[in-house]
Amino acid sequence: VPSRQAFPLPSLPRKQPTVLVVCGPAQNGAIGLVCARHLRIFDYEPTIFYPKRSPDPLYRDFTTQCEKMDIPFLSYLPTEVQLINDAYNAVVDAVLGAEAEAGEGREPCAAILATLKHVRIPIVSLDVPSGWDVEAGSSGGISPDVLVSLSAPKQCARRFLGRQHFVAGRFLPYDVQKKFELNPPEYPGTECVVALRAPR
Amino acid sequence: RGSELPLTLQSRGPARFRGPQGCHPPSLPRQEEAQAIDQELFTEYKFSVDQLMELAGLSCATAIAKAYPPSSFTSQPAVLVVCGPGNNGGDGLVCARHLKMFGYEPAVYYPKRPNKPLFEGLTTQCQKMDIPFLPEFPAEAALIDELYGLVVDAIFGFSFKGAVREPFGSILNTLEHITVPIASIDIPSGWDVEKGKVDGLQPDMLISLTAPKKAAMHFAGRYHFLGGRFVPAALQKKYALNLPPYPETDCVLQLT
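Overview of the structure. Predicted, not measured: the structure shown is a model, and the values here were computed from it.

### Quick look at the overall build of chain B
Per the secondary structure count, chain B includes seven helices and seven strands. The secondary structure elements of chain B, listed N-terminal to C-terminal, are α-α-β-α-β-α-α-β-α-β-β-β-α-β. Scored against the burial criterion, the 256 residues of chain B give a buried share of 57%. Long-range contacts, defined here as pairs at least 24 residues apart, represent 72% of the contacts in chain B between residues at least 6 apart.

Structure below.
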């Protein structure tokens, strides 16, 4: 949903509403698979790059759901960044989330992030811009245009300088919110995401 | 008591569907077709029951919020959610949880609970969110009218066949006499899934999941919503569902 709100279909520059969804090997990547499926339902044309597939049965089912919905899976990510800029309107970064530690140093993530650092089309990062330290943020890492914080913003979100910051955490029960002093903003109507003001 | 009805919407009698071009109405699956679609989602597409139930329950809560916003209730936005013994009941539990998130005060009556982790988990989620589970069903229709502004009927769904077993027979009898609106999930409970039931429950709202079933032709309430926005295009084509397009990223579509 946040991808759709940030980039409504009619506003996309390319004729086809193409979106590249780059999925890492763990939970963040699995969330990317679910996101890709919903983008498809919303009439976008997602393509997935999922080089290191999780053996988790739940995540394998997510993969099957995407395949059966005719969402193509790339066999490699072009290192020629212009190819990505030309083919897609935006990239969803679902490579590494808050759980990643040395993940960004290992292949294939390191190569992916090196490429993504140079794309000119907008990047939508899920939870944590991949490669950023979850608390300190990053210098010289990827610069997403949109950040979707899951449950609640992480510390590194303070360093986010992109256009739009959404929180997707409406499923959190009140006592969990209170216990962790999350103080989430009000979600409008029945929306599952709320836009926070992007810090400047 | 009860919700104030928006003045612009009136009952137009039995629902008429308009397909995308206005001349190809959605095809209304029969019971076996509806079951076949579900089966294909689970076995071919590898969706889990949890996934689809969550999306279905969220659709129901969203549709209810659109038709009966909390501000439309005369006092507290209290909703009674009556959950049956199967998947329709599970949809109701998910719906109750989202209604709570949306600012309603749901209470659940769930007399026959399956011994399965899915339903136990959904029950725990509701309980941990302080949604009360009633120890008994309100004895009289008048009491329901007094305490609640809306009843969600999550008793029986599209797999329902044959006779209604207790305690649901008595429950349906009581519900047939309440004056506050009823929102039925997928099939008005007690109706034949294809033919309806002339002297049965008359809900004000129907939320058809995946696609409207044949019984929906007999629905005479004010609000008919489509929910369950997860059917892949290929499956829609295979069963010639001809579903009209959902608006933007909404998970529900108002049909009438």
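So that's the structure; there's more coming.
### Some points on helix α2 (residues 27–41) of chain A
An α-helical turn contains 3.6 residues, so any two residues separated by three or four positions project in the same direction. With 15 residues, α2(A) ought to run about 21 Å at 1.5 Å a step, and its terminal C-alpha atoms sit 22 Å apart, in line with that. Positive backbone phi, approximately 75°, marks Asp43(A), located one or two places after α2(A).

### A short note on the sheet that holds strand β6 (residues 146–150) of chain A
Residues and elements named next belong to chain A. Across the sheet, which stays open at both edges, the eight strands sit in the order β3-β2-β1-β4-β5-β6-β7-β8 with mixed pairing between neighbours. Every interior strand has two partners, whereas the edge strands, β3 (73–74) and β8 (194–196), have only one. Against the sheet, α2 contacts β1 (18–23), β2 (45–49), β3, β4 (90–94), β5 (123–126) and β6, and its axis sits at roughly 160° relative to β1.

### A closer look at the packing of helix α2 (residues 49–67) of chain B against helix α3 (residues 87–101) of chain B
Residue and element names in this part refer to chain B. Relative to each other, α2 and α3 sit at 55°, their axes nearing to 7 Å. Looking at the two axes, α2 sits oblique to α3. Crossing angle aside, the handedness with which α2 passes α3 is right-handed. Contact with α2, carried on its side by Met53, Glu54, Ala56, Gly57, Leu58, Cys60, Ala61 and Ile64, involves Asn87, Gly90, Asp91, Val94, Cys95, Arg97, His98 and Leu99 of α3 and no other residues of that element.

### With respect to the interface of chain A and chain B
Bring the parts together and some accessible area is lost; that lost area is often taken as the interface size. Taken residue by residue, the interface counts 20 residues in chain A and 20 residues in chain B. Taken together, both faces of the contact between chain A and chain B bury some 1800 Å²; the carbon and sulfur share is 62%. There are one salt bridge connecting chain A and chain B. Joining chain A to chain B, the criterion identifies five residue pairs in polar contact (both at pLDDT 80 or more). Elements that contribute at least two residues to the side of chain A that touches chain B include exactly α2, α3 (57–68) and α6 (174–179) of chain A. Residue contributions to the side of chain A that touches chain B peak at five residues, all from α3(A).

Analysis parameters
Going along each chain's sequence as written, the residues are numbered from 1 onward. Labels are handed out in written order, letters beginning with A for the chains and numbers beginning with 1 for the ligands. At least 70 in pLDDT is required for a residue's local features to be given in this predicted model, at least 80 for side-chain atom pairs to be given and counted, and no such filter applies to totals for whole chains, interfaces and linings, which use all residues. Values shown for side chains rest on all heavy atoms present in the structure; no hydrogens or waters enter the calculation. Strands here are runs of E lasting at least two residues and helices are runs of H or I lasting at least four, both read from the DSSP assignment and numbered beginning at the N terminus. Categorising residues by exposure relies on relative accessible area from a 1.4 Å probe, with only protein chains included: less than 20% of the type maximum marks a residue as buried, more than 50% marks it as exposed, and the intermediate range marks it as partly exposed. It only takes one pair of heavy atoms within 4.5 Å for two residues to be counted as in contact. To estimate the expected span of a helix, subtract one from its residue number and multiply by 1.5 Å. The criterion for strand pairing is that DSSP finds at least two bridges linking the strands in question. Here the axes come from fitting lines to C-alpha atoms, over the contacting stretch only for helices, and the angles between their N-to-C directions go from 0 to 180 degrees. What sets the label is the angle itself: under 35 degrees gives roughly parallel, over 145 gives roughly antiparallel, 65 to 115 gives roughly perpendicular, and the rest give oblique. Left-handed describes a crossing whose near helix is turned anticlockwise from the far helix by less than a right angle; the clockwise case is right-handed. Once two parts are brought into contact, the accessible area they lose, counted with a 1.4 Å probe and summed over both, makes up the buried area. Salt bridges are defined as contacts in which a side-chain nitrogen from Lys or Arg sits within 4 Å of a carboxyl oxygen from Asp or Glu. Distance and chemistry together define a polar contact, namely a pair of N or O atoms within 3.5 Å, with one atom able to donate a hydrogen and the other to accept it when in protein, and with adjacent residues in sequence counting only for side-chain atoms on both sides.

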